Amino acid sequence: MDRNAQFIEAVKSWTSAQGVDEIVVVDWSSQRSIRSELAKVAPEILSDPRLRIYRVENESRWMLSRAFNLCARLARRRQVFKADGDTAISGDFFKRHILQPNQFFGGDWKELDDVHMNGALYLHRSDFLGVNGYDERLTTYGWEDSDLAARLVRERGLAFSEFDRTSLHSVNHPDFLRLQKQTALVLVDEKNVFGPAIEVQRNRIMLTKMGISQWGEEYAGVHYNLEMRRMSLRGLPSQELQASTRVKSIEEELTKEQIEDASKRAIRIILTRKALTEPFPADYSLNFYQELASALGEPKSVVHWNVALDGTLAERILALLAVRALKDSTNKKHAWYVTYTWVSPTDSCNCNLSSLVNKHDLPLREVWSSDSKAYYEEVQSMLRSLPA
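First, a word on scope: everything that follows refers to the structure included in this document. (Residues numbered from 1 in each chain as written. Predicted model: local features only at pLDDT ≥ 70, side-chain atom pairs only at ≥ 80, totals over all residues. Heavy atoms only, no water.)

1. Quick notes on the overall build of the protein
- Secondary structure assignment for the protein yields 13 helices and 13 strands.
- Taking all 388 residues of the protein together, the buried fraction comes to 49%.
- For the protein, long-range pairs separated by at least 24 residues make up 73% of all intrachain contacts whose partners lie at least 6 apart in sequence.
- Working note: accessible area of the protein is about 19600 Å², and carbon and sulfur atoms make up 51% of it. (Helix = DSSP H or I, 4+ residues; strand = E, 2+ residues; numbered from the N terminus. Buried < 20%, exposed > 50% of the residue type's maximum accessible area, 1.4 Å probe, protein only. Contact = heavy atoms within 4.5 Å. Areas by Shrake-Rupley, 256 points an atom, 1.4 Å probe, with all protein chains shown as cover.)

2. Some remarks on the packing of aromatic side chains
- Going through the model one piece at a time under the given rule, you end up with 19 aromatic pairs.
- Between Trp28 and Trp62 the ring centres are 6.1 Å apart and the planes differ by 90 degrees, which places this aromatic pair in the edge-to-face class. You can see Trp28 sitting in strand 1 (residues 23-28) and its partner Trp62 sitting in the loop between strand 2 (51-56) and helix 4 (64-74), a full 34 residues away along the chain.
- The class for Trp28 is buried, based on a relative accessible area of 1%.
- Seen in terms of ring centroids, Phe93 and Phe94 are 4.9 Å apart; in terms of plane orientation they differ by 85 degrees. Their pairing is edge-to-face.
- The structure contains a cluster of three or more aromatic residues connected by ring pairs, namely Trp28, Trp62, Phe68, Phe128, Tyr134 and Tyr224.
- In this structure, Lys82 is placed above the aromatic ring of Phe68, and the distance from its NZ or CZ to the ring centre is 4.6 Å.
- Taking the ring centre of Tyr219 as reference, the NZ or CZ of Arg137 above it sits at 4.7 Å. (Phe/Tyr/Trp six-rings, centres within 6.5 Å; stacked < 30°, edge-to-face > 60°. Lys NZ or Arg CZ within 6 Å of the ring centre and 35° of its normal.)

3. A short note on the packing of helix 10 (residues 256-274) against helix 11 (residues 286-297)
- At their nearest, the axes of helix 10 and helix 11 sit 10 Å apart, and the two run at 30 degrees to each other. Considering their axes alone, helix 10 and helix 11 lie roughly parallel with respect to each other. Regarding helix 10 and helix 11, the two cross each other, and that crossing is left-handed. Taking contact as the criterion, the partners of Glu260, Ser263, Lys264, Ile267, Arg268 and Leu271 in helix 10 are, on helix 11, Leu286, Tyr289, Gln290, Leu292, Ala293 and Leu296.
- Along the lines of polarity and charge, the residues of the contact of helix 10 with helix 11 split into seven nonpolar, two polar and three charged. (Axes fitted to C-alpha atoms, helices over the stretch in contact; angles between N-to-C directions. Parallel < 35°, antiparallel > 145°, perpendicular 65-115°, else oblique. Left-handed = near helix turned anticlockwise from the far one by under 90°. Nonpolar A, V, L, I, M, F, W, Y, C, P; charged D, E, K, R; others polar.)

4. Some details on the side chain of Lys82
- Mapped onto the elements, Lys82 comes out in strand 3 (residues 79-82).
- Of the polar contacts made by the side chain of Lys82, one reaches the side chain of Asp145; its length is 3.1 Å.
- Not counting residues up to four positions away in its chain, the partners in contact with Lys82 are Leu64, Phe68, Gly119, Ala120, Leu121, Tyr134 and Asp145. (Polar contact = N/O pair within 3.5 Å; in protein donor to acceptor, adjacent residues only side chain to side chain.)

5. Considerations on the packing of helix 1 (residues 4-16) against helix 2 (residues 34-41)
- Relative orientation of the contacting elements helix 1 and helix 2 amounts to 65 degrees, with a least axis distance of 11 Å. Classified by chirality, the crossing of helix 2 by helix 1 is right-handed. Packed against helix 1, whose contacting residues are Asn4, Phe7, Ile8 and Val11, the element helix 2 presents Ile34, Glu37, Leu38 and Val41 at the interface.
- Looking at side-chain class alone, the contact of helix 1 with helix 2 contains six nonpolar, one polar and one charged residues.

6. Looking at unusual backbone geometry
- Positive phi outside glycine occurs at Asn58, with the angle close to 65 degrees.
- Within the fold, Asn58 resides in the loop between strand 2 and helix 4.
- Even without being a glycine, Asn102 presents a positive backbone phi close to 60 degrees.
- Inspection of the secondary structure puts Asn102 in the loop between helix 5 (93-96) and strand 5 (103-106).
- Judged by relative accessible area, which is 52%, Asn102 ranks as exposed.

7. Here's the deal with the side chain of Ser249
- Relative to the helices and strands, Ser249 is located in the loop between strand 10 (238-243) and helix 9 (250-253).
- With sequence-adjacent residues up to four places away left out, Ser249 is seen in contact with Arg66, Arg137 and Thr139.

8. Observations regarding helix 4
- Burial of helix 4 is extensive: ten of the eleven residues sit out of reach of the surface.
- Along helix 4, the positions that sit buried rather than exposed are Leu64, Ser65, Arg66, Ala67, Phe68, Asn69, Leu70, Cys71, Ala72 and Leu74.

9. Focus on the sheet that holds strand 5
- Spatial strand order, 3-6-5-7: four strands in an open sheet with mixed pairing. A strand with exactly one partner marks an edge of an open sheet, and here the two such strands are strand 3 and strand 7 (159-162). Mean inter-strand twist for the sheet, computed between neighbouring axes without regard to direction, equals 20 degrees.
- Pairing geometry for strand 5 and strand 7, over four bridges, is parallel. Bridge pairing in strand 7 places Phe104 opposite Phe160.
- Contacts from helix 7 (residues 144-156) reach strand 3, strand 5 and strand 6 (121-124), with the element oriented near 160 degrees to strand 5. (Pairing = 2+ DSSP bridges.)

10. Considerations on the environment of Ser47
- Tracing the sequence through the fold places Ser47 in the loop between helix 3 (43-46) and strand 2.
- Look at Ser47 and you get partly exposed, because its relative accessible area is 47%.
- Reaching out from Ser47, the side chain makes a polar contact with the backbone oxygen of Glu44 at a distance of 3.1 Å.

In structure tokens, the structure reads:
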């Protein structure tokens, strides 16, 4: 959906690969249709008799599970290779991957680098349809491929084989494009470096940890009506589809509390793994965890402080106020994220911070970072420099 530059490079590799006799493309309501873009820059591909393009109308955001299930139903061959619109393959790809009965090829989702290619899949069409394809309740980015692979092994008894990593790759694009058509649903800004991983984890938790029944043949996927248009580019018939039924999303099957719990757990898991943060208490608010992810996922625009508070109770309270005043007086282009270390008991103060404020009050606004530290002595210097 609206990644035509990457798609055109990828589809050129598909048409050049040996052994390809059918290419089925679903255009998921792109603003600039795939057909018109191909006509401009690669008309020879548009006229390739192996290519069939179907356009789904009136979809406001990308839903991988539904798009690829539709694509598989439209395919006519016994073996199908599912590729994202940015997946390019080598000319000898299918010579390197000879599909046997009771086998499927996929990427290794456990690897953290880009070459794992978890979004690609090569299998017998009957096996794909035998598990009812992708779980169409997953309508946001992430976990669709891992869930499908697990069901292929568990229900069909298939053996998993990993792709030869030298035979396919992703056409280069920023990671935030994965979330670009889901901005109303994602937990953090689409350009946050942790965004895609957080969304994957949230879908995993919602699907596997909340008592949701497994996707299978008892579920009916979305149905589409097909309409043939007479006028199209280069005299080819335009095949347009529109959803005629709907499937409840996984969010609609869960309570608000379950969704919030899954969201917080997802952020905690990713920040603990990738940002090496300490595991904050589970009862902190979702807003706190979103602010934490925003701070650590966009480090160039954020000022991080860790303030150690010591001395008498009055001195500590003044230090808190000084840091707040300093934040308010600095350049607004930079967000400030502060955590306070309250040292107690000491000879000058036996008071605990929890006896003064609700433990949620500070974390909602000040979050953790391992970066720059300003200690109590520095805060006192700032306090003395502030106007009375």
